[in-house]
Amino acid sequence: MDFRAAVFAARSYTPIPLLIAVLIMAEPGPMTFVTGGLLVLIGESIRLWAVGYAGSATRTRHVGAPSLITNGPYGRVRNPLYVGNFVLSLGLCVMAWAWMPYMIGIFVAAFGIQYGLIVSLEEESLRKTFGAQYEAYLAAVPRYLPRFTEYTAGKPAPYDFGAALRSERRTFQSTAVVMAAIAARWYLG
């Protein structure tokens, strides 16, 4: 099995050791909690926007896509879900304020390694599946830093807010649990 595929399959669980370390070393305060909370909201908003276009296909255990989504957030950045994950997770790190500023460096490195492997695997799969259509998209839309204008080639996918909310239920739950744990550390000192 390709190591990248193993990382992809375990992507929901690989952050747990770092999360445990953040919670153990947490030293939250009013400013870190509010600032981190705002980042969490921004990250989850990006995720909701992306999932509303891509649907529940983003929750699968196998690499691939039934169609190439190139509008909405995908018309500005190829990996809006991962951008949202980054901002949301960074928000949790800031909220906890554990072993700062070193934890930010560890978080960025761990995130970069994991998602670098995942994205290379996904891009390889999408190249095989969508060929020239994906190559044109790849050349026009950046991987992580959004472009200012939306990419307009390709068939637009509809946005479904209800489907996004249903798909994000697990993310809402896990984020709420982590935020509650950080709040408890703050309250208990």
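Here we summarise the structure given alongside this text. (Residues numbered from 1 in each chain as written. Predicted model: local features only at pLDDT ≥ 70, side-chain atom pairs only at ≥ 80, totals over all residues. Heavy atoms only, no water.)

With that settled, consider the packing of helix H4 (residues 80-96) against helix H5 (residues 102-140). Axis separation between H4 and H5 bottoms out at 11 Å; the angle between their running directions is 160 degrees. Put simply, H4 runs roughly antiparallel to H5. Between H4 and H5 lies a crossing whose hand is right-handed. Across the interface between the two elements, Tyr82, Asn85, Phe86, Ser89, Leu90, Cys93 and Val94 of H4 pack against Met103, Ile104, Phe107, Val108, Phe111, Tyr115, Ile118, Val119 and Glu122 of H5. Partitioned by chemical class, the residues of the contact of H4 with H5 number 13 nonpolar, two polar and one charged. (Axes fitted to C-alpha atoms, helices over the stretch in contact; angles between N-to-C directions. Helix = DSSP H or I, 4+ residues; strand = E, 2+ residues; numbered from the N terminus. Parallel < 35°, antiparallel > 145°, perpendicular 65-115°, else oblique. Left-handed = near helix turned anticlockwise from the far one by under 90°. Contact = heavy atoms within 4.5 Å. Nonpolar A, V, L, I, M, F, W, Y, C, P; charged D, E, K, R; others polar.)

Of all hydrophobic cores here, the largest spans 43 residues; its most connected members are Tyr74, Tyr82, Tyr134, Tyr137 and Ile182. For this core, the secondary structure elements donating two or more residues are helix H1 (3-9), helix H3 (30-54), H4, H5 and helix H7 (169-188). The leading source of residues in this core is H5, at 12 residues. (Core = buried A, V, L, I, M, F, W, Y, C linked by side-chain atoms within 4.5 Å. Buried < 20%, exposed > 50% of the residue type's maximum accessible area, 1.4 Å probe, protein only.)

The tally for this structure, following the rule as stated, stands at eight salt bridges. Between Asp2 and Arg4 there is a salt bridge, with the nearest N and O atoms lying 2.8 Å from each other. Residue classification places Asp2 among the partly exposed positions, given a relative accessible area of 33%. The residue Arg143 makes a salt bridge to Glu123 at a minimum N-O spacing of 2.7 Å. Residue Arg143 is found in the loop between H5 and helix H6 (161-167), and its partner Glu123 is found in helix H5; the two are separated by 20 residues along the sequence. Given a relative accessible area of 7%, Glu123 falls into the buried group. One salt-bridge network, in which partners are shared between bridges, spans Asp2, Arg4, Glu124 and Lys128. (Salt bridge = Lys/Arg side-chain N within 4 Å of Asp/Glu carboxyl O.)

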